[in-house]
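Structure assessment
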Amino acid sequence: YWLGRHDEGRQLFDEVLQANPDNFDLQMGVANMLREVGAESECRQHAEQAYKSAADPQQKQSAATIRAIATDDLDEKIVWLDRADDSNGRVQALLSSARAQKAVQEGRDKEAVDLYEQSIAYYESLPESASSLNNGALEYFSLFAVTGDRSKFDRGLEMMERCVALDPTDSIVLYNTAVFAASGVVQAMVGDRI
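The structure reproduced in this document is the subject of the present report. This one's a predicted model, so the numbers in the text were calculated from it and none came from an experiment.

Thresholds applied
Residues numbered from 1 in each chain as written. Predicted model: local features only at pLDDT ≥ 70, side-chain atom pairs only at ≥ 80, totals over all residues. Heavy atoms only, no water. Axes fitted to C-alpha atoms, helices over the stretch in contact; angles between N-to-C directions. Helix = DSSP H or I, 4+ residues; strand = E, 2+ residues; numbered from the N terminus. Parallel < 35°, antiparallel > 145°, perpendicular 65-115°, else oblique. Left-handed = near helix turned anticlockwise from the far one by under 90°. Contact = heavy atoms within 4.5 Å. Nonpolar A, V, L, I, M, F, W, Y, C, P; charged D, E, K, R; others polar. Buried < 20%, exposed > 50% of the residue type's maximum accessible area, 1.4 Å probe, protein only. Polar contact = N/O pair within 3.5 Å; in protein donor to acceptor, adjacent residues only side chain to side chain. Phe/Tyr/Trp six-rings, centres within 6.5 Å; stacked < 30°, edge-to-face > 60°.

Right, let's talk about the packing of helix α5 (residues 74-83) against helix α6 (residues 89-105) for a bit. One can describe the packing of α5 onto α6 by two numbers: an axis separation of 10 Å at closest approach and a directional angle of 150°. Taken together, α5 and α6 sit at an angle that is classed as roughly antiparallel. Every pair of crossing elements has a handedness; the one defined by α5 and α6 is left-handed. On α6, the residues touching L74, D75, K77, I78, L81 and D82 of α5 are V91, L94, L95, A98, R99, Q101, K102 and Q105. Residues that form the contact of α5 with α6 fall into these classes: 7 nonpolar, 2 polar and 5 charged.

Below is the structure:
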């Protein structure tokens, strides 16, 4: 996949899965690899297959989490996150965030603010990592977009800076930091004039 030989990659995945049709870990491994290379629709198919074939509730919850992450459709995301492990702080954060985004789409800003704050609280309760900082920062930026409260934006930037310090080679983190830092500069320059 990384070399652009998608057909060959699909064939290799299919051969492995056909030889081990009931192997949950293998099905999930393929789903995760496909997600990493950007093959989201194929990832969803494998995650759904893993969900259907899993007998263990924890395996079903794990497959539901991957299935939820592999979609941009908020309704789908909420359905699959509802099937995931609700005792997991990361799942709770993702679900609160998805519900907040849905509330924003439907003009329910007050509810969205509460849900974004819940999501942020979940991320802040997790052990500090590049992932929890990046995701928490994105929630602060979303909260800023709803409220216009500049302190929320500043808190997001602070978290992104800590995130970069923890993992300065992560391209997603670097991209997010650059985009929001540039946005912060523009806001500082023209914000009072708007």
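There is more to say, and it comes next.
Quick look at the environment of E111 now. Within the element layout of this structure, E111 appears in helix α7 (residues 109-125). A relative accessible area of 38% places E111 in the partly exposed class. Within the structure, E111 has its side chain in polar contact with the side chain of R108 (distance 2.3 Å).

Now for the packing of aromatic side chains. Evaluation of the coordinates by the stated rule reveals 3 aromatic pairs. Seen in terms of ring centroids, Y51 and W80 are 5.1 Å apart; in terms of plane orientation they differ by 85°. Their pairing is edge-to-face. Of this pair, Y51 sits in helix α3 (residues 40-53) while W80 is found in helix α5, placing the two residues 29 residues apart along the sequence. The pair Y51 / W80 is uniform in exposure class, with both members buried. Here the aromatic rings of F141 and F153 are separated by 5.1 Å at their centres, their planes lie at 50°, and the arrangement is tilted.

From the geometry alone we can't say anything about function, so treat these as descriptive.
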